[in-house]
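# Descriptive analysis of the structure
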Amino acid sequence: MKLILLGAPGAGKGTQAEIISEQYRIPTISTGNIIRAALKSGSEMGLKAKSYIDAGELVPDEVVIGIIKERLAEPDCKEGYILDGFPRTIPQAEALDNMGFAIDAALSIEVADSEIVKRMSGRRVCEKCGASYHTEYKKPGKEGICDLCGGKLVIRKDDEPETVKNRLHVYHEQTEPLKEYYQACGKLLTVEGQDEVADTTRLVLAKLETLI
Ligand code: AMP
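Here is a short report on the structure shown in this document. (Residues numbered from 1 in each chain as written. Predicted model: local features only at pLDDT ≥ 70, side-chain atom pairs only at ≥ 80, totals over all residues. Heavy atoms only, no water.)

## Brief notes about the sheet that holds strand S4 (residues 105-110)
Taking strand neighbours across the sheet as the criterion, the five strands line up as S2-S3-S1-S4-S8 in an open arrangement whose pairing is parallel. The open sheet has two edge strands, strand S2 (28-30) and strand S8 (188-192), and neither has a second partner. Averaged over all pairs of adjacent strands, the angle between their axes in this sheet comes to 25 degrees, without regard to strand direction. Relative to S8, S4 runs parallel, the two being bridged by five bridges. Pairing of Leu 107 across the sheet is with Leu 189, part of S8. (Pairing = 2+ DSSP bridges. Helix = DSSP H or I, 4+ residues; strand = E, 2+ residues; numbered from the N terminus. Axes fitted to C-alpha atoms, helices over the stretch in contact; angles between N-to-C directions.)

Dropping the structure here:
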């Protein structure tokens, strides 16, 4: 299965991607994670991307298109993949089409902006391993500490309230038009994001069944 996950930042794409990944045994490719890893390693690409990420802006198309092209050429992508956070603009979608990696569907997880703001203000990540938690929905065993590696849980700079507002603006302006793009070629699936992750997962998996 070759799947794109669409949705506003904080709509739960990452969590659903992890679940689908396990269920269908295909890798998740998250451009956000790849860029953050590059940033952490201090690579040239990471340094270039930093100012965009911190401001909640999109990294230039040519940078992410290059990242995806390289990643999709790796052997683990042969049987399929889930793209989480790519494409985010029409030129990125066109570039993906032109690379010849035909996708089966683009699944959009719909969540209202007000709910997104609430969710993102509680999001915490481990500064060491990157695992994700939430002060209300996914609490760690010990407050402020990662269950997996014992690292400290922090607020991602781009989850700060002003940046979240800008990320939502950027989403509506540049990424949401992708729904029409994939609708036009009959590949759009939509799911209403639910309060409980498991409820959203049920809806997501039911939609994916229709592809098999
Ligand atoms: P994410 O974790 O997917 O929300 O991505 C975090 C940040 O990485 C975004 O706010 C963008 O600055 C950058 N980024 C990730 N994916 C893309 C993309 N496909 N196009 C442009 N920028 C991206």
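We are not done yet, so read on.
## Quick word on the pattern of salt bridges
For the coordinates displayed, the defined rule picks out 14 salt bridges. If you follow the salt bridges from partner to partner, you end up with Arg 123, Arg 156, Asp 158, Asp 159 and Arg 167 in one network. (Salt bridge = Lys/Arg side-chain N within 4 Å of Asp/Glu carboxyl O.)

## Details of the sheet that holds strand S6 (residues 132-134)
Spatially, the three strands line up as an open sheet ordered S6-S5-S7, and their pairing is antiparallel. In this open sheet, the two edge strands, each paired with only one partner strand, are S6 and strand S7 (153-154). Together, strand S5 (123-126) and S6 form the strand contacts of helix H6 (residues 113-121), whose direction differs from that of S5 by roughly 40 degrees. (Contact = heavy atoms within 4.5 Å.)

## Observations regarding helix H2 (residues 31-41)
Looking at H2, one finds that the buried residues are Thr 31, Gly 32, Ile 35 and Ala 38. Burial along H2 is one-sided: seen end-on, the buried residues are contained in an arc of 130 degrees. With respect to the buried face of H2, the exposed residues turned more than 90 degrees away are Lys 40 and Ser 41. Check the buried side of H2 and you find it contacts S2, helix H3 (44-55), helix H4 (61-72) and strand S3 (81-84). After H2 finishes, the residue Gly 42 shows a positive phi value of roughly 75 degrees. (Buried < 20%, exposed > 50% of the residue type's maximum accessible area, 1.4 Å probe, protein only. Arc of directions from axis to C-beta.)

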